[in-house]
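Letter by letter, the chains look like this.
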Amino acid sequence: MAPYVDFHTHCRRGDALEILNIDPLDEESFVLAVECGLPFSVGMHPWRTAESAERLNEAFERMDRVAQNGQAMAIGECGLDWSVDVDRRLQTEVFERQLELAKQCNLPVILHCVRAFEDVMSRLVRAKAERAVFHSFIGSTEQVARVVSKGYFCSFSPRSLASARTCEVIRRITPSALLIERDECECPIDEVYSAVAALRGCSIGELREIVFDNYKRLIDNE
């Protein structure tokens, strides 16, 4: 049977194929992630874009190093968040810079998108991004249709499951665009899969196969 995939997590728990999200300015976590050899993504969260120019350059030097040498499996989480008091121009500049890095290194991007769907989509199109994942997705069936039409993915978390509107999205999304994550939740991964499987009317085993196949296709770019 396919393994459980936790596509985006902030803490390894050891019960799934976990993709750990790393902040390049968290030096201790960054070094540990690089040294342990397990899958990780690295990116500047939009909340962190108010850092000094010196610190941002330091972050991009680290991201560039692990992206170029094949250690990072994705760039992110990165994106736009219009719900917070962080300069939108800075958020946009840092996001676009990360999209360019992902393109140069042929890596997918993991997206943080809050109240900024149109702006994120327009910048993905402008950057000609081929592989992207809207993590911890909360949104409408109309938005998902646009995501899927571009060949992108939606990853659903316990936070997604708390939204009635997004539960309807989970029921209806095409299997080829579906991923699952825990994000910051500490619950067992099988609980998240069980809830998603119940919404979709399939077995947990079937869901594990779908998510693992999507993970491989996204990462291997096949």
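Residues numbered from 1 in each chain as written. Predicted model: local features only at pLDDT ≥ 70, side-chain atom pairs only at ≥ 80, totals over all residues. Heavy atoms only, no water.

Of the regular secondary structure elements, the protein holds nine helices and eight strands. Here the C-alpha radius of gyration of the protein, 16 Å, is about what a compact globule of 222 residues would show, namely 17 Å. Summarising its shape, the C-alpha atoms of the protein cover approximately 50 × 35 × 30 Å along the three principal directions. Residues counted as buried form 50% of the 222 residues belonging to the protein. Here the contacts in the protein between residues at least 6 apart in sequence split such that 64% fall between residues at least 24 apart. As displayed, the protein has an accessible area near 10100 Å², and 47% of this comes from carbon and sulfur atoms. (Helix = DSSP H or I, 4+ residues; strand = E, 2+ residues; numbered from the N terminus. Rg over C-alpha atoms; globule rule 2.2 N^0.38 Å. Buried < 20%, exposed > 50% of the residue type's maximum accessible area, 1.4 Å probe, protein only. Contact = heavy atoms within 4.5 Å. Areas by Shrake-Rupley, 256 points an atom, 1.4 Å probe, with all protein chains shown as cover.)

Bringing the nonpolar core into the picture now. Core analysis: the biggest nonpolar cluster contains 70 residues, and F7, V42, L124 and F134 have the highest contact counts within it. When neighbours within four sequence positions are excluded, L124 is seen to be in contact with L99, V109, L111, A129, A132, F134 and Y152. (Core = buried A, V, L, I, M, F, W, Y, C linked by side-chain atoms within 4.5 Å.)

Following the sequence through the fold, R171 ends up in helix 7 (residues 164-172). Residue R171 is classed as partly exposed on the basis of its relative accessible area of 42%. C-alpha separation for the pair R171 and C11, spaced 160 residues apart in sequence, amounts to 28 Å. In this structure R171 touches L199 and R200, once residues within four positions along its chain are discounted. At 3.1 Å, the side chain of R171 forms a polar contact with the side chain of E168. (Polar contact = N/O pair within 3.5 Å; in protein donor to acceptor, adjacent residues only side chain to side chain.)

Taken N-terminus to C-terminus, the directions of helix 4 (residues 117-126) and helix 5 (residues 141-149) make an angle of 10 degrees; their axes are 12 Å apart at the nearest point. By the angle class used here, helix 4 and helix 5 are roughly parallel. For the pair formed by helix 4 and helix 5, the contact residues are F117, E118 and M121 on the first element and Q143, R146 and V147 on the second. In the contact of helix 4 with helix 5, the residues fall into three nonpolar, one polar and two charged. (Axes fitted to C-alpha atoms, helices over the stretch in contact; angles between N-to-C directions. Parallel < 35°, antiparallel > 145°, perpendicular 65-115°, else oblique. Nonpolar A, V, L, I, M, F, W, Y, C, P; charged D, E, K, R; others polar.)

For the α-helix, the turn length of 3.6 residues means that residues three or four positions removed from each other point alike. The end-to-end C-alpha distance of helix 9 (residues 204-220), which contains 17 residues, comes to 24 Å, matching closely the 24 Å that a straight helix rising 1.5 Å per residue would cover. For helix 9, the complete set of buried residues consists of G205, L207, R208, V211, F212, N214, Y215 and L218. Where helix 9 is buried, its residues contact strand 1 (5-9), strand 2 (17-22), strand 6 (132-134), strand 7 (153-156), strand 8 (178-180) and helix 8 (189-200). The positive-phi residue at the C-terminal boundary of helix 9 is N221, with phi of around 55 degrees. (Expected span 1.5 Å × (residues − 1).)

Within the element layout of this structure, R182 appears in the loop between strand 8 and helix 8. Reaching out from R182, the side chain makes a polar contact with the side chain of E18 at a distance of 3.1 Å.

Attention shifts here to the packing of aromatic side chains. Considering all chains together, one arrives at five aromatic pairs under this definition. A ring pair is formed by Y4 and Y193, whose centres lie 4.8 Å apart and whose planes are at 75 degrees; its orientation type is edge-to-face. Highlighted residues: Y4 in the segment before strand 1 and Y193 in helix 8, separated in sequence by 189 residues. A relative accessible area of 15% means that Y4 is categorised as buried. Residue Y193 is classed as buried on the basis of its relative accessible area of 0%. Ring geometry for F117 versus F134: centroids 5.7 Å apart, planes at 40 degrees, classification tilted. Of this pair, F117 sits in helix 4 while F134 sits in strand 6, placing them 17 residues apart in sequence. Here a set of aromatic residues connected by ring pairs shows up, and it is made of F117, F134, F137 and F156. (Phe/Tyr/Trp six-rings, centres within 6.5 Å; stacked < 30°, edge-to-face > 60°.)

Our next topic: the sheet that holds strand 5 (residues 109-114). Strand order in the open sheet formed by eight strands is 1-2-3-4-5-6-7-8, with parallel pairing between adjacent strands. Among the strands making up the open sheet, the edge pair consists of strand 1 and strand 8. Here the strands of the sheet are splayed against their neighbours by 30 degrees on average, with no regard to which way each runs. With three bridges joining them, strand 5 and strand 6 adopt parallel strand pairing. Paired with I110 across the two strands is V133, which belongs to strand 6. With respect to the sheet, helix 3 (residues 88-105) is in contact with strand 4 (74-81) and strand 5, its orientation differing from that of strand 4 by roughly 155 degrees. (Pairing = 2+ DSSP bridges.)

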